[in-house]
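Spelled out from the first residue to the last, the chains are:
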Amino acid sequence: MADKQNEVNQVQMRIEHAAQAVARNPAEITLVAVSKTKPIEDLVAAYEAGIRHFGENRAEELAEKAQALQHLTDIHWHFIGHLQSRQSKPVADYAECFHAVDRVKIAERLSQQLQERERTLAVYIEVNISGEENKGGFTGVDWENNAEQRAVLQEAVQTIMALPHLKILGLMTMAPFRAPEAEIRSIFQRLRGLSVWLNQALPTLNAHGLSMGMSGDFEIGIAEGATCVRVGSAIFGGR
Ligand SMILES: *Cc1c(COP(=O)(O)O)cnc(C)c1O
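A brief structural summary. (Residues numbered from 1 in each chain as written. Predicted model: local features only at pLDDT ≥ 70, side-chain atom pairs only at ≥ 80, totals over all residues. Heavy atoms only, no water.)

1. Examining unusual backbone geometry
Working step 1: Its identity is not glycine, yet A23 carries a phi of approximately 55°, on the positive side.
Working step 2: Residue classification places A23 among the exposed positions, given a relative accessible area of 73%.
Working step 3: With a phi angle near 50°, N206 is a residue other than glycine that sits in the positive phi range.
Working step 4: Along the chain, the position of N206 falls in the loop between helix 7 (181-201) and strand 8 (209-211).
Working step 5: Overall, the relative accessible area of 56% leaves N206 in the exposed class. (Buried < 20%, exposed > 50% of the residue type's maximum accessible area, 1.4 Å probe, protein only. Helix = DSSP H or I, 4+ residues; strand = E, 2+ residues; numbered from the N terminus.)

So this is what it looks like as structure tokens:
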């Protein structure tokens, strides 16, 4: 049986404990269950266990799953991966939140498609803090010392802010896989610092959300201020 109640309860308890440890309200942290590559029955099991936010990272797969589960009208779909322009339609059609805006162009394209559909999309701006080449996002590897990196990000965010049908929630990053805890913590702290700086530089932005933390590091993310965690294998098992 594809019962997921234990896994979901475990993750929810870990979120609560991590929040309480730093005197945060767990209710301000959204758990996105990352269901990429998993079959529909696993998503249904997670839904039955209380999950309402699902994360996918392939546009076609998002469309298939959103169509198959359209009778579950309180599901919220998140698109968490890099999005190629020619694959943006399913995101405009189905996603409520896109976590990986990594260039102005994709935001402009989505805004246009959302207009046609009379939909809005919440977005996080992805920033590469760790400097790993296989990670996406705007470069923020040296944002504290590099005015150019700050200027590029600020200008992009300013442009995206002005686009209709998109609502910027905040910033997203990924820490290196299996890095020492201190290194992961530092990356999440630095994303939070960048968010503080950006909101000061753009006072009308008002986007304090932080999408940071996966199965291996979401407790660190919560300790450092995550408002959204993206948890796959701890709920659905390995891929
Ligand atoms: C796959 C993925 C996750 C979930 O990873 P797990 O380690 O399985 O929890 C989170 N965020 C992004 C962007 C991903 O691609």
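Next comes the rest of the description.
2. Section: the pattern of salt bridges
Working step 1: Taken as a whole and assessed by the stated rule, the structure comprises 13 salt bridges.
Working step 2: Salt-bridge contacts for R52 lead to D74; the nearest nitrogen and oxygen are separated by 3.0 Å. Of this pair, R52 sits in the loop between helix 2 (40-48) and strand 2 (53-56) while D74 sits in the loop between helix 3 (59-68) and strand 3 (76-79), placing them 22 residues apart in sequence.
Working step 3: Of the charged contacts in the structure, one is a salt bridge between K65 and E61, with a shortest N-O distance of 2.7 Å. Placement of the pair is K65 and E61 together in helix 3, with a separation of 4 residues, close to one helical turn. Across this residue pair, the class does not change: K65 and E61 are buried.
Working step 4: Through salt bridges that share partners, E56, R58, E61 and K65 make up one connected network. (Salt bridge = Lys/Arg side-chain N within 4 Å of Asp/Glu carboxyl O.)

3. Digging into the environment of A59
Working step 1: Following the sequence through the fold, A59 ends up in helix 3.
Working step 2: Its relative accessible area of 6% is what places A59 among the buried residues.
Working step 3: For the pair formed by A59 and A95, sequence separation is 36 residues and the distance between their alpha carbons is 9.7 Å.
Working step 4: Other than its neighbours up to four places away in sequence, A59 contacts F79, L83, Q87 and P90. (Contact = heavy atoms within 4.5 Å.)

4. Some details on the layout of surface pockets
Working step 1: Empty space within the largest pocket amounts to approximately 650 Å³.
Working step 2: As for the largest pocket, its lining consists of 28 residues, of which K36, M174, M214, R230 and R239 are closest to the centre.
Working step 3: Looking at the lining of the largest pocket residue by residue, the class counts come to 11 nonpolar, 9 polar and 8 charged.
Working step 4: Approximately 200 Å³ is the volume attributed to the second largest pocket.
Working step 5: The wall of the second largest pocket is formed by T30, H53, H78, E96, C97, A122, Y124, L169, G209, T227 and C228.
Working step 6: Taken together, the residues of the lining of the second largest pocket break down into 5 nonpolar, 5 polar and 1 charged. (1 Å grid on protein atoms, 1.4 Å probe; cavity = no way out; pocket = protein on both sides within 12 Å on 5 of 7 lines; lining within 4 Å. Points joined across faces, edges and corners; volume = space filled by probe spheres on them. Nonpolar A, V, L, I, M, F, W, Y, C, P; charged D, E, K, R; others polar.)

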